[in-house]
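# Coordinate analysis (summary)
Residue strings, one per chain:
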Amino acid sequence: MNDYIVRATAGNAQIRAFAAVTTNLVEEAREHHGTSPVATAALGRLLTGGVMMGSMMKNDTDMLTIQIQCSGQIEGLTVTADSKGNVKGYAFNPDVMLPAKNGKLDVGGALGQGVMTIIKDMGLKEPYSGQTILQTGEIAEDLTYYFATSEQVPSSVGLGVLMNKDNTVKCAGGFIVQVMPFIEDEVLNKLEANIQKIQSVTSMLDNGHTPEQMLEQVLEGLDLEITDTMPAKFYCNCSKKRIEKAIISIGKKDIQEMIDEGKEIEVKCHFCNTAYKYSVDELKELLKQA
């Protein structure tokens, strides 16, 4: 099944909802970064949350960045998404290894204490930025808390990544359900009861549930209406040209030192780990532009 995001409303537009299957893009991130199982789960959850939150934005040029800085061994995570279902990201320490906790990958333990910052660049003078303290480090609860405190939108976020025995990604996905300020108590109570009785995201995905079927469970009895679907993918817009700009920005002195070493250099993109090589002659050209 290809990765995609579903957008929906329910309860007479008193609820808006998003759900996604992200198995392929999380596996692609794992392949790019060689992440350990717990780092794959952490990054996979954040990529899934990020790609759904990106799809909430209106304009083609809008960009969303989620940064986590934390005390745990993973050290931090960064994910960037656009409004068209493209997402990319990386873990600061992709090799983090921790024992399982209650038979599950210990994402909260890998993150520890920390701060989540969400930056939305909507082409205005100043990007919008909201910051919250990590609640559990399990990411779904942290995003739920962010929506409630920074955006004043009561939400429920479910995210899951399930690994195969060989540490590849078996399935990944999630949902975000948000309630409007004018929601009736009856609708809210029904939604809360549903959320308490649904299986975990990983169980639903493992049972072959599509994003639509996940929302049918979460919004059971609330007149779910799917409004649209969009493909989701791991996509990095890096290029040799873009990395050149980064090299030029470090300044003449450092570029000259690289030239003096007389060896070609290799620069890797943080987001997708693609390596770009620059010969001494190319560095001399960049020195002229610096």
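Below: a short report on this structure. These numbers were taken from a predicted model, which means no experiment stands behind them.

### Comments concerning the nonpolar core
Judged by nonpolar contacts, the single largest core of 68 residues is most densely connected at Met53, Ile68, Ile74, Leu77, Leu111, Ile139 and Leu143. Considering every element that reaches this core, the biggest residue donor is helix 2 (residues 37-55), with 10 residues. Beyond its immediate sequence surroundings of up to four residues, isoleucine 68 is in contact with Leu46, Glu75, Gly76, Leu77, Leu111, Val115, Met116, Leu134 and Ile139. Residues Phe175, Ile198, Leu205 and Met214 belong to the second largest nonpolar core, which totals 24 residues.

### Looking at the sheet that holds strand 2 (residues 15-21)
Read across the sheet, five strands follow the order 8-9-2-1-10 without closing on themselves; strand pairing throughout is antiparallel. If you trace the sheet from one side to the other, it starts and ends with strand 8 (155-163) and strand 10 (225-231), each paired once. On average, adjacent strands in this sheet sit at an angle of 10 degrees to one another, irrespective of strand direction. As paired strands, strand 2 and strand 9 (residues 169-179) are joined by seven bridges and run antiparallel to one another. The partner of arginine 16 across the bridge, within strand 9, is glutamine 178. In the packing of helix 1 (residues 23-33) onto the sheet, the strands contacted are strand 2, strand 8 and strand 9, and the crossing angle to strand 9 comes to about 120 degrees. Packed on one face of the sheet, helix 2 meets strand 1 (4-10), strand 2, strand 8, strand 9 and strand 10 and runs near 140 degrees to strand 8.

### Digging into the pairing of strand 5 (residues 86-91)
Strand 5 sits mainly inside the fold: six of its six residues count as buried. With burial as the criterion, each face of strand 5 is covered, one bearing Asn86, Lys88 and Tyr90 and the other bearing Val87, Gly89 and Ala91. Bridge count for strand 4 (residues 76-82) against strand 5 is five bridges, and the pairing is antiparallel. Directly across from threonine 78, in strand 5, lies its bridge partner tyrosine 90. Where strand 4 hands over to strand 5, the hairpin turn is made up of three residues, of which glycine 85 adopts a positive phi near 90 degrees. Where strand 5 lies against strand 11 (residues 233-234), two bridges are found, and the strand directions are parallel. Pairing of asparagine 86 across the sheet is with lysine 233, part of strand 11.

Rules used in this analysis
Residues numbered from 1 in each chain as written. Predicted model: local features only at pLDDT ≥ 70, side-chain atom pairs only at ≥ 80, totals over all residues. Heavy atoms only, no water. Core = buried A, V, L, I, M, F, W, Y, C linked by side-chain atoms within 4.5 Å. Buried < 20%, exposed > 50% of the residue type's maximum accessible area, 1.4 Å probe, protein only. Helix = DSSP H or I, 4+ residues; strand = E, 2+ residues; numbered from the N terminus. Contact = heavy atoms within 4.5 Å. Pairing = 2+ DSSP bridges. Axes fitted to C-alpha atoms, helices over the stretch in contact; angles between N-to-C directions.

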